[in-house]
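Observations on the three-dimensional arrangement
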Amino acid sequence: MILILGLIILIAAIIVGLAGVFGNTGAGHDLGVGGDFSIFGYHVTGSTGSLFLSGIIVGAAALLGLTLVMMGARRSARRSAQARRELGTSRREAAVVDRERDDLIKQRDDARAGAGTPMADAPAPTASTPLLR
């Protein structure tokens with residue numbers, strides 16, 4: 001959200017700045033006595049000082065937008081780094097659980113082999129032998 005807001009402010013400041021520069025070129029837009037400056041059809045009369053102040057305001061808006069963009073990008077990078085760390089931890093935990101499961105299966109198979117009846121050779125239950133539940 002901060003990233004999008006920063007992009008909107010930055011793009012708006014760039015558009016206003018470029019419109020001011022390209023819309024007021026040539027000898028007809030001299031800021032001498034009685035000269036005016038226009039942006040999007042809005043005419044501003046005043047001195048070069050007021051034009052300079054307007055430029056400072058547009059520059060400050062652009063700086064604010066750029067700052068918000070950088071904050072949003074840093075936050076996104078921090079979140080993805082944290083997600084990568086958590087994914088690594090999850091994979092390590094899953095590997096440990098898999099090893100423990102394999103060890104338990106091996107212990108069970110060894111115990112059955114030690115009892116003398118392998119799993120494949122164990123007699124199948126018949127109608128006369130009750131099933132254990």
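Because the structure is predicted, anything quoted here is derived from the model rather than measured. (Residues numbered from 1 in each chain as written. Predicted model: local features only at pLDDT ≥ 70, side-chain atom pairs only at ≥ 80, totals over all residues. Heavy atoms only, no water.)

Some details on the overall build of the chain
- Per the secondary structure count, the chain includes 2 helices and 2 strands.
- Overall, the chain shows an N-to-C arrangement of helices and strands of α-β-β-α.
- Within the chain, the fraction of its 133 residues that count as buried is 10%.
- Pairs at least 24 apart in sequence give 53% of the contacts found in the chain among residues at least 6 apart.
- With the model as given, the accessible surface of the chain reaches about 10600 Å², and the carbon-plus-sulfur share is 66%. (Helix = DSSP H or I, 4+ residues; strand = E, 2+ residues; numbered from the N terminus. Buried < 20%, exposed > 50% of the residue type's maximum accessible area, 1.4 Å probe, protein only. Contact = heavy atoms within 4.5 Å. Areas by Shrake-Rupley, 256 points an atom, 1.4 Å probe, with all protein chains shown as cover.)

Focus on a positive patch on the surface
- Residues Arg74, Arg75, Arg78 and Arg79 make up a contiguous surface patch of positive charge.
- With respect to the secondary-structure elements, Arg79 resides in helix α2 (residues 48-115). (Patch = residues over 30% accessible without salt bridge, like charges linked within 9 Å, V, L, I, M, F, W, Y side chains within 5 Å. Salt bridge = Lys/Arg side-chain N within 4 Å of Asp/Glu carboxyl O. Lys, Arg positive; Asp, Glu negative; His and termini not counted. Charge placed at Lys NZ, Arg CZ, Asp CG, Glu CD.)

Some details on a nonpolar patch on the surface
- A contiguous nonpolar surface patch, about 520 Å² in accessible area, is contributed by Leu3, Ile4, Leu7, Ile8, Ile11 and Ile15.
- Summarising the element assignment, Ile4 is placed in helix α1 (residues 2-22).

Describing the pattern of salt bridges
- What the rule picks out here adds up to 4 salt bridges.
- Residues Arg101 and Asp102 are paired through a salt bridge, measuring 3.3 Å at the closest nitrogen-oxygen approach.
- The partly exposed category is assigned to Asp102, whose relative accessible area is 41%.
- Between Asp109 and Arg108 there is a salt bridge; the shortest N-O distance is 3.5 Å.
- Residue classification places Asp109 among the partly exposed positions, given a relative accessible area of 33%.

A few points about the environment of Ser54
- Within the fold, Ser54 resides in helix α2.
- A relative accessible area of 37% places Ser54 in the partly exposed class.

Some points on the confidence of the model for the chain
- Confidence along the chain averages 79 in pLDDT terms, with 67% of residues attaining 70 or more.
- Taking the mean pLDDT of every element in the chain, the minimum, 66, falls on strand β1 (residues 36-39) and the maximum, 89, on α2. (pLDDT = per-residue confidence, 0-100.)

Brief notes about the environment of Leu68
- When you line up the elements, Leu68 lands in helix α2.
- Given the relative accessible area of 16%, Leu68 is considered buried.
- Here the alpha-carbon distance between Leu68 and Ile9, two residues 59 residues apart in the chain, equals 9.0 Å.

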